Amino acid sequence: MTLRIKVGRKGYIILPKAIRDAVGIKEGDEVIIEVKDGIIIRPVKKVDIQKLREAFRNHVESLKRIKNRREPKPGELANINLEEEFEV
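Residues numbered from 1 in each chain as written. Predicted model: local features only at pLDDT ≥ 70, side-chain atom pairs only at ≥ 80, totals over all residues. Heavy atoms only, no water.

Q: With reference to specific residues and values, describe the overall build of the protein chain.
A: Within the protein chain, the secondary structure is distributed over two helices and two strands. N-terminal to C-terminal, the α/β element order of the protein chain is α-β-β-α. Here the protein chain, with 88 residues, has 18% of them falling under the buried criterion. In the protein chain, 41% of the contacts between residues at least 6 apart in sequence involve partners at least 24 apart. Accessible surface, the protein chain: about 8100 Å² in total, of which carbon and sulfur atoms supply 52%. (Helix = DSSP H or I, 4+ residues; strand = E, 2+ residues; numbered from the N terminus. Buried < 20%, exposed > 50% of the residue type's maximum accessible area, 1.4 Å probe, protein only. Contact = heavy atoms within 4.5 Å. Areas by Shrake-Rupley, 256 points an atom, 1.4 Å probe, with all protein chains shown as cover.)

Have a look at this one:
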């Protein structure tokens, strides 16, 4: 599974809530960053890969439902979280 995200100011990256929930990462948790041919970020604790796949699949499906519209209908984004981490 591959996810493409942007690097923000000061090098910040934001892990989508669906991914954090699926792997059990909470604020203050530690992650391991491996630098080899690329960068790998993984939680220190074990991950249930099936739970991760299901959460990611659900997140992608929710995004597909609004993808082709210019402006979402009222309430349509209620389950799409705009993270507090975007506030600087």
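Let's pick the thread back up.
Q: So what's going on with the nonpolar core? Which residues, and what values?
A: In terms of nonpolar packing, the biggest core is built from seven residues, these being I19, A22, V23, I25, L52, A55 and F56. Here A22 is in contact with D48, K51, L52 and A55, once residues within four sequence places are set aside. (Core = buried A, V, L, I, M, F, W, Y, C linked by side-chain atoms within 4.5 Å.)

Q: For unusual backbone geometry, give the residues involved together with the corresponding values.
A: Phi angles above zero are rare outside glycine, and K10 is one such case at about 60 degrees. Mapped onto the elements, K10 comes out in the segment before α1 (17-23).

Q: Account for a nonpolar patch on the surface, naming residues and giving values.
A: Among the surface-exposed residues, L3, I5, V7, I13, V31, I33, V35, I39 and I41 lie close enough to one another that they form a single nonpolar patch of about 790 Å² accessible area. Taken together, the elements giving at least two residues each to the nonpolar patch come down to β1 (31-35) and β2 (39-43). Here I5 lies in the segment before α1. (Patch = residues over 30% accessible without salt bridge, like charges linked within 9 Å, V, L, I, M, F, W, Y side chains within 5 Å. Salt bridge = Lys/Arg side-chain N within 4 Å of Asp/Glu carboxyl O.)

Q: Got a sec to walk through the pattern of salt bridges? Specific residues and values, please.
A: In the structure shown here, the tally under the stated rule is four salt bridges. Note that E34 is salt-bridged to R42, the shortest N-O span being 2.7 Å. With a relative accessible area of 19%, E34 lands in the buried category.

Q: Hey, could you go over the environment of I19 for me, with residue numbers and the actual values?
A: As for its position among the elements, I19 is in helix α1. Relative accessible area serves as the criterion here: at 15%, I19 is assigned to the buried category. Measuring from C-alpha to C-alpha, the distance between I19 and L52 comes to 6.6 Å, with 33 residues separating the pair along the chain. Leaving out residues up to four positions away in the same chain, I19 has contacts with L3, L52 and F56.

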